[in-house]
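Residues per chain are reported as follows:
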Amino acid sequence: MASAELQGKYQKLAQEYSKLRAQNQVLKKGVVDEQANSAALKEQLKMKDQSLRKLQQEMDSLTFRNLQLAKRVELLQDELALSEPRGKKNKKSGESSSQLSQEQKTVFDEDLQKKIEENERLHIQFFEADEQHKHVEAELRSRLATLETEAAQHQAVVDGLTRKYMETIEKLQNDKAKLEVKSQTLEKEAKECRLRTEECQLQLKNLHEDLSGRLEESLSIINEKVPFNDTKYSQYNALNVPLHNRRHQLKMRDIAGQALAFVQDLVTALLNFHTYTEQRIQIFPVDSAIDTISPLNQKFSQYLHENASYVRPLEEGMLHLFESITEDTVTVLETTVKLKTFSEHLTSYICFLRKILPYQLKSLEEECESSLCTSALRARNLELSQDMKKMTAVFEKLQTYIALLALPSTEPDGLLRTNYSSVLTNVGAALHGFHDIMKDISKHYSQKATIEHELPTATQKLITTNDCILSSVVALTNGAGKIASFFSNNLDYFIASLSYGPKAASGFISPLSAECMLQYKKKAAAYMKSLRKPLLESVPYEEALANRRILLSSTESREGLAQQVQQSLEKISKLEQEKEHWMLEAQLAKIKLEKENQRIADKLKNTSSGQLVGLAQENAAVSNAAGQDEATAKAVSEPIQSTSLIGTLTRTSDSECRALSKRLALAEKSKEALTEEMKLASQNISRLQDELTTTKRSYEDQLSMMSDHLCSMNETLSKQREEIDTLKMSSKGNSKKNKSR
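Residues numbered from 1 in each chain as written. Predicted model: local features only at pLDDT ≥ 70, side-chain atom pairs only at ≥ 80, totals over all residues. Heavy atoms only, no water.

The name an unreviewed UniProt entry gives the protein is Protein phosphatase 1 regulatory subunit 21, with Papio anubis as the organism. The Subcellular location (unreviewed entry) field of the UniProt record for the protein holds the comment "Early endosome". (UniProt positions renumbered as here; feature names shortened; annotations may be inferred.)

S.K.: Lay out the packing of helix 6 (residues 308–324) against helix 7 (residues 338–369) in plain terms, naming residues and giving numbers.
M.R.: With their axes 8 Å apart at the nearest point, helix 6 and helix 7 run at an angle of 165 degrees to one another. By the angle between their axes, helix 6 is roughly antiparallel relative to helix 7. As helix 6 packs across helix 7, the resulting crossing turns out to be left-handed. Residues Tyr310, Val311, Pro313, Leu314, Gly317, Met318, His320, Leu321 and Ser324 of helix 6 form the contact with helix 7, whose participating residues are Lys338, Leu339, Phe342, His345, Leu346, Ser348, Tyr349, Phe352 and Lys355. Of the residues in the contact of helix 6 with helix 7, the class split is 11 nonpolar, 5 polar and 2 charged. (Axes fitted to C-alpha atoms, helices over the stretch in contact; angles between N-to-C directions. Helix = DSSP H or I, 4+ residues; strand = E, 2+ residues; numbered from the N terminus. Parallel < 35°, antiparallel > 145°, perpendicular 65-115°, else oblique. Left-handed = near helix turned anticlockwise from the far one by under 90°. Contact = heavy atoms within 4.5 Å. Nonpolar A, V, L, I, M, F, W, Y, C, P; charged D, E, K, R; others polar.)

S.K.: Now, about the pattern of salt bridges: what can you tell me, with residues and values included?
M.R.: On inspection of all chains with the given rule, the structure shows 14 salt bridges. A salt bridge links glutamate 367 to arginine 280, with the shortest nitrogen-to-oxygen separation between them at 3.3 Å. You can see glutamate 367 sitting in helix 7 and its partner arginine 280 sitting in helix 4 (residues 246–283), a full 87 residues away along the chain. The residues glutamate 367 and arginine 280 share a single accessibility class, namely buried. The shortest N-O distance in the salt bridge between glutamate 396 and arginine 354 comes to 2.7 Å. Separated by 42 residues along the polypeptide, glutamate 396 in helix 8 (residues 375–406) and arginine 354 in helix 7 bring together distant segments of the chain. Each of Arg280, Glu367, Lys448 and Glu452 takes part in salt bridges that share partners, so that together they form one network. (Salt bridge = Lys/Arg side-chain N within 4 Å of Asp/Glu carboxyl O. Buried < 20%, exposed > 50% of the residue type's maximum accessible area, 1.4 Å probe, protein only.)

S.K.: Can you break down the nonpolar core residue by residue, with the values?
M.R.: Core analysis: the biggest nonpolar cluster contains 70 residues, and Tyr349, Met391, Phe395 and Phe434 have the highest contact counts within it. Counting residues per element, the ones that place at least two in this core are helix 4, helix 5 (295–304), helix 6, helix 7, helix 8, helix 9 (420–453), helix 10 (460–489) and helix 11 (491–496). No other element matches the 14 residues that helix 4 contributes to this core. Beyond its immediate sequence surroundings of up to four residues, phenylalanine 434 is in contact with Leu266, Met391, Val394, Phe395 and Ala480. Counting 5 residues, the second largest nonpolar core, distinct from the first, contains Cys368, Leu377, Ile451 and Leu455. (Core = buried A, V, L, I, M, F, W, Y, C linked by side-chain atoms within 4.5 Å.)

S.K.: I'd like to hear about the environment of phenylalanine 352, residue by residue, with values.
M.R.: Inspection of the secondary structure puts phenylalanine 352 in helix 7. For phenylalanine 352, a relative accessible area of 1% gives the class buried. Note: C-alpha distance between phenylalanine 352 and glutamate 306 (46 residues apart in sequence) is 9.0 Å. Those residues in contact with phenylalanine 352, other than ones at most four positions away along the chain, are His274, Tyr303, Leu304, Asn307 and Tyr310.

S.K.: Requested: an account of the packing of helix 4 against helix 5, with residues and values cited.
M.R.: Two elements in contact, helix 4 and helix 5, have axes whose closest approach is 9 Å; the angle formed by their N-to-C orientations is 155 degrees. As far as their axial angle goes, helix 5 and helix 4 are roughly antiparallel. Crossing handedness for the pair helix 4 and helix 5: left-handed. From helix 4, His274, Thr277, Glu278, Ile281 and Gln282 reach across to helix 5, where they touch Asn297, Phe300, Ser301 and Leu304.

S.K.: Which residues make up the confidence of the model for the protein, and what are the values?
M.R.: Confidence along the protein averages 77 in pLDDT terms, with 74% of residues attaining 70 or more. In the model, residues 611–653 has pLDDT below 50 throughout and makes 27 contacts with residues more than four positions away in sequence or in other chains. (pLDDT = per-residue confidence, 0-100.)

S.K.: Residues and numbers for the packing of aromatic side chains, please.
M.R.: Enumeration over the complete set of coordinates arrives at 7 aromatic pairs. When the ring of tyrosine 303 is compared with that of tyrosine 359, the centres are 5.2 Å apart and the planes differ by 70 degrees; the resulting orientation is edge-to-face. One end of the pair, tyrosine 303, is in helix 5; the other, tyrosine 359, is in helix 7, with 56 residues separating them in the sequence. Residue classification places tyrosine 303 among the buried residues on the basis of a relative accessible area of 15%. Taking the centre distance of 4.8 Å and the plane angle of 20 degrees together, the rings of tyrosine 310 and phenylalanine 352 count as stacked. In this pair, tyrosine 310 is assigned in helix 6 and phenylalanine 352 in helix 7, connecting sequence segments 42 residues apart. The two residues tyrosine 310 and phenylalanine 352 agree in class, both being buried. (Phe/Tyr/Trp six-rings, centres within 6.5 Å; stacked < 30°, edge-to-face > 60°.)

S.K.: Could you give me a rundown of helix 6, with the residues and numbers involved?
M.R.: Look at helix 6: 24 Å from first C-alpha to last across 17 residues, which is about the 24 Å you get at 1.5 Å a residue. When we look at burial in helix 6, the residues that qualify are Tyr310, Val311, Pro313, Leu314, Gly317, Met318, Leu321 and Phe322. Against helix 4 and helix 7 lie the buried residues of helix 6. (Expected span 1.5 Å × (residues − 1).)

Next comes the structure, spelled out in structure tokens:
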């Protein structure tokens, strides 16, 4: 699965990479084209600059030529100005010369006019060329800027794509590494799962074999010991006592106690509501102390006066239901017989509500027909009339569902077990509807009391009675809300607890079978109490045989443990012997070391005395330099004696000093070797001590394990004794039952 996802991911990324690569090629080609266009435009700009410079040079040359011509014209004008006075003086003589100068002037003027026109034309051409050059230059510069901007944008896009491409490659590499790690992990987990699967299959096989053996044994026991299977038929199975669930019973009793408290609050509020309503009829719209009330209100007051005889039984019925739920009973709908009594009391109260409802509606109509009733008060009375009808309807609906829940304890065919959950759900909905209606009654009656208090004829007695009725309505509203929330919170538990009954069956068949089951439960409890009597001192033969086998097996295991203990003790003794051996070796090594140290010290003392003799004889050796060769030859075999002021000293030869130094070096080496041996010996001693400690601890652990094993064996023996006693008792009980049947 992971490899397929990885391959799909790589294919998508490869497609994206190919798209990006194609876009990159197109962008590169566009950038190259734009660069070529930019180079061509730069070349054109360069050529225009060259032509402009050429025209500028021509303009400069023409300007210089114009200046020359202007100077020449000025000279000619000066000459003309000079020649004019001379011509006046000598007109006659100079007629011919004046004609000549006039012709020259005309020629000069024409030449000048031509030069001026040519200069003007050149100026115009230069201006036009300059303007055209500026325009072309501006266009080229703007185009160059545009191309540079586009090139920069294309380069940014290329850089972004390159960066994105590199990030994608890096991300793909990271994903690849992660997926490889994940793949390795999954392979490892798959391998472990295969190993665990093999282990589980092996365990399953062993369990299957074990369970098959147990099943065969159980079937053989059932075929031999059980006369018939009472769970096969529902009629017989309903008589079997289910497993006692003390937690369930305590939970049900706690829930019943809470329901009793809520019903008591509701009963108190209903009593107050009916009683204060009776008081209100006596004082409004006509006060009975002043005038006679209408016959309708008299009858209504008489009925309301009887409310306690209908309301009080609700509390009593709920109290009896609570008392019937104890820790020793089995609480399901088939066994809650007292629920029928509560349903009957609720039915009686519904009849009371139906009886007083018409009088209550007529009483409100009579209030509306009174002259004191305003339009707002009339509207509130109409709303209260509708609310009273709704309250009676809700109580009827609630009584219907409670009556259905009471059927399993009286008429098992009246309600199917599959409909229990839907009936309980409808009870919760009816309680919430009762709470909503009581909120409307509280709202409308509060508005009605406010309007009546503003009437000019409102007495203090009426105000007080209205406040009492309003407080009882508020108490009813709060009680209805609490009991609705309580039932909704425990609805799931009620539905789940319906399956509490005999095994391998849908439940109790009939109330009679449930009653019989409870009687059997009491007998079973009494029988279990009777089994708690102290056992006799004698041991049955079968139990003694079983105990003998257990003791033999425990003796064998004890002998094995004793052998292990003996082996451990032998090992400890060997370790102790090795310890003593190494202690002796260490002492011998220590003695050898002390002797060697003493010998080395003696040698060092002798060596120091020989060095002192050599220093005293140096002067004599210098004076007898002539006979040094013979003395040296003799000194090899004999010691040299010399006399001086100190006395006679004897000096050993050089070869003996070398031998002593070698022996000293060997002694040092032997000292180091002995030191290493001492360290090894101390390490061996510590190791042996640790092994001894470990062996002692293991021996103690084995002893503790032996004691624990013996304790567990004793416990197993006691449990087996109890099981044997239980089997005997159950076999006796079955035999008695078979005889009685």
